[in-house]
There are 2 protein chains.
Amino acid sequence: MAPKPKVYVTIMAGGGGTRFWPWSREERPKQILPIISGQSMIRETVNRIRPLVPPEKIFIVTSSSQLGQIRRQVPQIPAGNLLAEPEGKNTAPCLCLAAWHIQKLSPDAIMVALPADHHISDHKGFRRTLKIAVEFASRQNFLITLGLRPTAPETGYGYIQQGEIIGRVKNTPVFKVKAFREKPTRQKARAFLRQGDYLWNSGMFVWKVSAFLKAVKKCLPVLYEDTLILKKAVGTSRERSALKKAYACCQSISVDYGVMEKAANVAMIEAQFPWDDVGSWSALWSIRPKDQNGNACVGSKPDGRGKILTIDSSGCLIRAEKKLVAVLGMKDTIVVEAGDAFLVCPRQRSQEVRQILKELKNKGWKEYL
Amino acid sequence: MAPKPKVYVTIMAGGGGTRFWPWSREERPKQILPIISGQSMIRETVNRIRPLVPPEKIFIVTSSSQLGQIRRQVPQIPAGNLLAEPEGKNTAPCLCLAAWHIQKLSPDAIMVALPADHHISDHKGFRRTLKIAVEFASRQNFLITLGLRPTAPETGYGYIQQGEIIGRVKNTPVFKVKAFREKPTRQKARAFLRQGDYLWNSGMFVWKVSAFLKAVKKCLPVLYEDTLILKKAVGTSRERSALKKAYACCQSISVDYGVMEKAANVAMIEAQFPWDDVGSWSALWSIRPKDQNGNACVGSKPDGRGKILTIDSSGCLIRAEKKLVAVLGMKDTIVVEAGDAFLVCPRQRSQEVRQILKELKNKGWKEYL
């Protein structure tokens, strides 16, 4: 029997908050907010993975400015496992940083990379899929991405076309990835769904840390060189200055585009759990419990200061933080009180919240970003 | 030439705030808010009448709880002219109280009674009409009400049917009132408009104080008796206790229903100015200046804390007090931030704000009333 794989998890938690404005802000992004439940998304993510790995094998990559907030959210993670990027440079440098740490601790480790802000309610199904991926990664040198069976022709996600079956773990097929397709047009997305062999790219990855670093070296040689300084520096007193140096010059690029699309040894396992990236107020409305009129009320506690009153309204998402939010005669509307700002927009247009941020920048009202 | 009439004005400013909730509250009613301009409506009302009468001839009847706020709004009115009712008992007792004051100062005075919360932009036209009414009142013993030419089949107003012409002042006809009609159904209101001889009852009255008290004695003898105690008490140290006594037992009744509809000597002069009682958020939207998309933005000052951002929105009324209010993709919507509450409703349903107040009472959330 093969030795038990040494699994390390990296949680990518560096993103800024835009989609849940005004609740999320630049300095208070989605992952540290209790968007879904009473817990922050980063805490949920850690709790979901904890039965698989002990805290000392969980790394969290975040931004310097979010470090304190993340630490407060997940105090069980050792301080040395919270890695602060000097600036956000997308997922490839982020995963290199984590990989150098893991590689130093355990050169034959299996690395699991997860976003900090996904909603996965079926924890057991999630861990079952991860175990399968870990098992396959430990046997082969493939870079494994988890694929998600599409439920709608979304244009905001990348798609993966599955190729031939290259193996099985406990009857679960592992596919070669035939092609990556970046965010498609609506028409193309519909064609992908009809075709049936396209899955959403989840942004969740499993690989041998050695296989990943080898792939970076091959696909992104300059990035590899730029971060090579970290190989020896991580975990030492020189880490911080090395990090600054590496990030000052390194390319900003996603691991999907920079590595996965270019590498030859990419595999896909279909996720065996329902998934939602909760990418908008509208998505949040979809997954939250609702009253008999289809209103999802967020943040209102019986004894809290935030109170919600709805009259003859339906299909709304309403959030109250400190005030009374009264909604009368509205349909399918997002109404959000958060901090020093208030948002009202149709549920179907909640993706356009970015426009507000753009306009705030134009006006120089940066205090609301 | 007849001696110049001695004109006294009574401003009725005792109403509680419901229609402009959450801006107006029980203890912060419409008349003390700067609903239309930068000035409170009570201040506008006083300023509008000032060229006709000196401050010492202006009485303001309000509630004890609003007294301080009213005083701060119109400091030029002598403190003794601010009459505080122990409780609201509608307009008949309110005008009796003022009438006893005026009668004591000048038994042959002409009394002008005005609500504190109407929007009348044409100050000159307003005073022209009042002068005509005063002139007619000084010659005859009629109770004069100002009639407003209806612009729509409103169901929220009382209607007055004009009878024969009983006189003229400077070519302006004065009509006998044929009938009063309380708030009609929509169908009846339409019929009134078609018929052409129905005007809205403005709630603005002009009469000899002696004629008014005589009419009260005849039409509301019990109320007359109940307030007779005030005749000697007003202006003395006994006024307060007399007021308490009178108000404890007196009937709550409107002057329209209790006196005007019953008296035989009621006349009507048509108002020669545009008028709006600004009875709802929707009415406020109608009269406020708007941006190129038809949005009326209230309370946002360039350097103030209340800020408004509209994107692809039209026909909205938006008020920001201390927060940023961002409205994206909304049409014809009322969005109001005020104090500890926030309101969102369709413009066409802003009359239903009362329902919110009812629901707040049901829930015991009285701090928001």
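Residues numbered from 1 in each chain as written. Chains lettered and ligands numbered in written order. Predicted model: local features only at pLDDT ≥ 70, side-chain atom pairs only at ≥ 80, totals over all residues.

Our focus in this paragraph is the overall build of chain A. Scanning chain A for helices and strands turns up 11 helices and 15 strands. Here the C-alpha atoms of chain A give a radius of gyration of 21 Å, agreeing with the 21 Å that 2.2 N^0.38 yields for 369 residues. Expressed as lengths along the three principal axes of its C-alpha atoms, the size of chain A is roughly 60 × 50 × 40 Å. For chain A, with 369 residues in total, the buried portion stands at 49%. Residue pairs in contact within chain A that sit at least 24 positions apart in sequence constitute 61% of those at least 6 positions apart. (Helix = DSSP H or I, 4+ residues; strand = E, 2+ residues; numbered from the N terminus. Rg over C-alpha atoms; globule rule 2.2 N^0.38 Å. Buried ≥ 20, exposed ≤ 12 C-beta atoms within 10 Å, placed from the backbone. Contact = placed C-beta atoms within 7 Å.)

All right, on to the relation of the copies chain B and chain A then. Expressed as a screw transformation, the operator carrying chain B onto chain A has a rotation angle of 180 degrees and an axial translation of 0.0 Å, and the superposed copies differ by an RMSD of 0.0 Å. Look at the turn and shift together and you get a two-fold axis relating the two. Among all residues of chain B, the minimum C-alpha distance to the rotation axis is found for B:Val344, at 4.1 Å. By residue overlap, the copies meet face to face through one surface: 100% of the interface positions of chain B are interface positions in chain A. (Least-squares fit on C-alpha atoms with pLDDT ≥ 70 in both.)

Before going further, it helps to spend a moment on the nonpolar core. Counting residues in each nonpolar core, the largest one holds 253 residues, and the members touching the most others are A:Met111, A:Ile144, B:Met111 and B:Ile144. Ignoring sequence-local partners within four residues, the contact set of B:Ile144 consists of B:Ala133, B:Phe136, B:Ala137, B:Phe205, B:Val206, B:Trp207, B:Ala267, B:Met268 and B:Ile269. (Core = buried A, V, L, I, M, F, W, Y, C linked by C-beta atoms within 7 Å.)

Facing 28 residues of chain B, the contacting portion of chain A comprises 28 residues. Looking at the side of chain B that touches chain A, the element that brings in the most residues is strand E15 (residues 341–346) of chain B, giving 6 residues. Alignment of strand E15 (residues 341–346) of chain A against strand E13 (residues 324–328) of chain B, held across 4 bridges, turns out to be parallel. Within the sheet, the bridge partner assigned to A:Val344 lies in E13(B) and is B:Val327. (Pairing = 2+ DSSP bridges.)

Residue and element names in this part refer to chain A. Between helix H7 (residues 221–233) and helix H8 (residues 239–249), the least distance of the axes is 8 Å, while the angle of their chain directions is 170 degrees. With respect to H8, the axis of H7 lies roughly antiparallel. Residues Asp226, Thr227, Ile229, Leu230 and Ala233 of H7 form the contact with H8, whose own contacting residues are Glu239, Ala242, Leu243, Lys245, Ala246 and Cys249. Looking at the contact of H7 with H8, its residues break down into 7 nonpolar, 1 polar and 3 charged. (Axes fitted to C-alpha atoms, helices over the stretch in contact; angles between N-to-C directions. Parallel < 35°, antiparallel > 145°, perpendicular 65-115°, else oblique. Nonpolar A, V, L, I, M, F, W, Y, C, P; charged D, E, K, R; others polar.)

All names here are of chain A. Domain boundaries in chain A define domain 1 (7–270) and domain 2 (281–368). Each of domain 1 and domain 2 has a C-alpha centre, and these two points are 30 Å apart. Each side of the interface is counted separately: domain 1 has 9 residues, and domain 2 has 14 residues. Its residues placed into classes, the side of domain 1 that touches domain 2 shows 6 nonpolar, 2 polar and 1 charged. (Domains from an automatic or database assignment.)

Taken together, the 6 strands give an open sheet; going across it, the order is E10(A)-E12(A)-E14(A)-E15(A)-E13(B)-E11(B), and neighbouring strands pair in mixed fashion. In this open sheet, the two edge strands, each paired with only one partner strand, are strand E10 (296–298) of chain A together with strand E11 (307–311) of chain B. Between one strand axis and the next, the sheet turns through 10 degrees on average, direction left out of account. Lying on the sheet, helix H11 (residues 353–363) of chain A is in contact with E11 and E13 of chain B; it crosses E11(B) at an angle near 130 degrees.

Residue and element names in this part refer to chain A. In the contact formed by helix H3 (residues 91–105) and H7, the axes pass within 9 Å of each other and the chain directions differ by 35 degrees. As H3 runs across H7, the sense of the crossing is right-handed. Where H3 abuts H7, its residues Ala92, Pro93, Cys96, Leu97 and Trp100 lie against Leu223, Thr227, Leu230 and Lys231. Residue classes in the contact of H3 with H7 are distributed as 7 nonpolar, 1 polar and 1 charged. (Left-handed = near helix turned anticlockwise from the far one by under 90°.)

What follows concerns unusual backbone geometry. Note that the residue after A:Trp21, namely A:Pro22, is joined by a cis bond; omega there is 5 degrees. Tracing the backbone through its elements, the reader meets A:Pro22 in the loop between strand E1 (7–12) and helix H1 (41–49). Phi angles above zero are rare outside glycine, and B:Lys170 is one such case at about 45 degrees. In this structure, B:Lys170 sits in the loop between strand E6 (159–169) and strand E7 (172–181). You will see that B:Asn171, though not glycine, has its phi angle at about 70 degrees, which is positive.

All names here are of chain A. Within the element layout of this structure, Ala296 appears in strand E10. Judged by local crowding, Ala296 falls into the buried class, with 20 C-beta atoms found within 10 Å. Distance in space between the C-alpha atoms of Ala296 and Ile269 is 34 Å, their sequence separation being 27 residues. The contact partners of Ala296, leaving out residues within four places of it in the chain, are Trp285, Arg288, Pro289, Lys290 and Leu317.

Before going further, it helps to spend a moment on the sheet that holds strand E12 (residues 317–319) of chain B. Two pairing modes exist for strands in a sheet, parallel and antiparallel, and in both the strands are linked by backbone hydrogen bonds. Reading across from one edge, E11(A)-E13(A)-E15(B)-E14(B)-E12(B)-E10(B) is the order of the 6 strands in this open sheet, with mixed pairing throughout. Of all strands in the sheet, those with a lone pairing partner are strand E11 (307–311) of chain A together with strand E10 (296–298) of chain B, marking the two edges. Averaged over all adjacent pairs, the angle separating strand axes in this sheet is 10 degrees, with direction ignored. Looking at chain direction, E12(B) and strand E14 (residues 333–338) of chain B are connected through 3 bridges and run parallel. Paired with B:Ile318 across the bridge in E14(B) is B:Val335.

Right, let's talk about the pairing of E11(B) for a bit. Residue and element names in this part refer to chain B. Buried residues dominate E11, accounting for 4 of its 5 residues. Judged from the 5 bridges that link them, E11 and E13 form a sheet pairing that is parallel. Residue Leu309 lies in a different strand from E13, and its bridge partner there is Ala326.

A few words now on the environment of B:Ile35. As for its placement among the helices and strands, B:Ile35 is situated in the loop between strand E1 (7–12) and helix H1 (41–49). B:Ile35 sits 82 residues away from B:Asp117 along the chain, and the two C-alpha atoms are 9.2 Å apart.

All names here are of chain B. With 13 residues, helix H7 (residues 221–233) extends 19 Å from end C-alpha to end C-alpha; this agrees with the ideal 18 Å at 1.5 Å per step. All of the buried residues along H7 are Leu223, Asp226, Thr227, Leu230 and Ala233. Taken together, the buried residues of H7 touch helix H3 (91–105), helix H6 (209–219) and helix H8 (239–249). Phi turns positive one or two residues past the end of H7, at Gly235, with a value near 80 degrees. (Expected span 1.5 Å × (residues − 1).)

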